[in-house]
Amino acid sequence: MEQRVQYTLYIIRLRVHLMILSLSSSKERIFMDNIIIEKIWQDSNEIELRVTAKSEYVQAKQSCYVEDDAIMMNADKIEAYMKNYDIECYLEFGTKIGNFTPAFSLTILPSQINRHVKVEVDIEIADNDKRAHRCCFYVNCELGQIERFGKLLRSIVTDEEGAVISLT
């Protein structure tokens with residue numbers, strides 16, 4: 001009988017330990033996925049942004065120049081997405097086609113039933129003159145984080161240089 005009780009206690013401890021490991025690894029994944037945009041510089045309506053996007057698998061950084069109207073238009077697109085999150089929402093920062101400065105895009109995919117969302121990040125790797133190298137990957141988040149990010153995106157236009165917004 002005593003051996004059976006000890007075995008039961010061992011199984012309970014093992015299950016608790018596995019639950020703790022499971023919770024900590026999912027927290028690490030949640031906090032690891034992020035998109036961070038920093039306002040570096042502004043002159044009239046031109047803004048230099050530095051974006052850092054990271055997932056469980058990759059992290060990429062890039063600077064680009066964007067007009068303030070384009071940032072506001074992207075914030076409007078996020079607001080429209082929040083009214084109908086069953087469709088994709090494409091956001092472009094800078095111009096990805098042509099011989100311009102580096103650009104990046106975010107494609108917010110339709111929300112899953114559990115309100116989890118994948119954002120496809122497409123960042124140019126500025127290691128050549130032809131703009132031929134890009135890094136594309138998913139960042140996982142929740143619907144509420146998308147809504148908050150859209151509101152913060154609007155504020156970066158009027159915020160001081162050095163302002164930082166974050167998806168998570």
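Before going into details, it helps to say that this report is about the structure given with it. In this text the structure is predicted, and so the values were computed from the model without any measurement.

With respect to the packing of aromatic side chains
- Scanning the entire structure with this criterion turns up 2 aromatic pairs.
- Seen in terms of ring centroids, tryptophan 41 and tyrosine 65 are 6.1 Å apart; in terms of plane orientation they differ by 85 degrees. Their pairing is edge-to-face. Highlighted residues: tryptophan 41 in strand β1 (residues 34-43) and tyrosine 65 in strand β3 (residues 59-67), separated in sequence by 24 residues.
- Geometrically, the ring pair formed by phenylalanine 93 and phenylalanine 104 is stacked, given 4.5 Å between the ring centres and 5 degrees between the ring planes. Placement of the pair is phenylalanine 93 in strand β4 (residues 89-93) and phenylalanine 104 in strand β5 (residues 104-108), with a sequence separation of 11 residues.
- Since its relative accessible area comes to 0%, phenylalanine 93 is described here as buried.
- Residue phenylalanine 104 is classed as buried on the basis of its relative accessible area of 0%.
- We note lysine 118 situated over the ring of tyrosine 138; from NZ or CZ to the ring centre the distance is 5.3 Å.

Describing the side chain of asparagine 34
- When you line up the elements, asparagine 34 lands in strand β1.
- A distance of 3.0 Å separates the side chain of asparagine 34 from the side chain of serine 166, its partner in a polar contact.
- Asparagine 34 has contacts with Thr52, Ala53, Lys54, Val139, Ser166, Leu167 and Thr168, leaving out every residue within four places of it along the chain.

Regarding the pattern of salt bridges
- For the structure shown, the criterion picks out 6 salt bridges.
- Aspartate 122 is the salt-bridge partner of arginine 134, the closest N and O atoms lying 2.5 Å from each other. With a gap of 12 residues between them, arginine 134 in strand β7 (residues 134-142) and aspartate 122 in strand β6 (residues 116-124) connect regions that are remote in the sequence.
- The closest approach of N and O atoms between arginine 134 and glutamate 124, which form a salt bridge, is 3.5 Å. One end of the pair, arginine 134, is in strand β7; the other, glutamate 124, is in strand β6, and 10 residues separate them in sequence.
- The partly exposed category is assigned to arginine 134, whose relative accessible area is 28%.
- With relative accessibility at 3%, the residue glutamate 124 sits in the buried group.
- Connected via shared salt-bridge partners are Lys96, Asp122, Glu124 and Arg134.

Calculation rules
- Residues numbered from 1 in each chain as written.
- Predicted model: local features only at pLDDT ≥ 70, side-chain atom pairs only at ≥ 80, totals over all residues.
- Heavy atoms only, no water.
- Phe/Tyr/Trp six-rings, centres within 6.5 Å; stacked < 30°, edge-to-face > 60°.
- Helix = DSSP H or I, 4+ residues; strand = E, 2+ residues; numbered from the N terminus.
- Buried < 20%, exposed > 50% of the residue type's maximum accessible area, 1.4 Å probe, protein only.
- Lys NZ or Arg CZ within 6 Å of the ring centre and 35° of its normal.
- Polar contact = N/O pair within 3.5 Å; in protein donor to acceptor, adjacent residues only side chain to side chain.
- Contact = heavy atoms within 4.5 Å.
- Salt bridge = Lys/Arg side-chain N within 4 Å of Asp/Glu carboxyl O.

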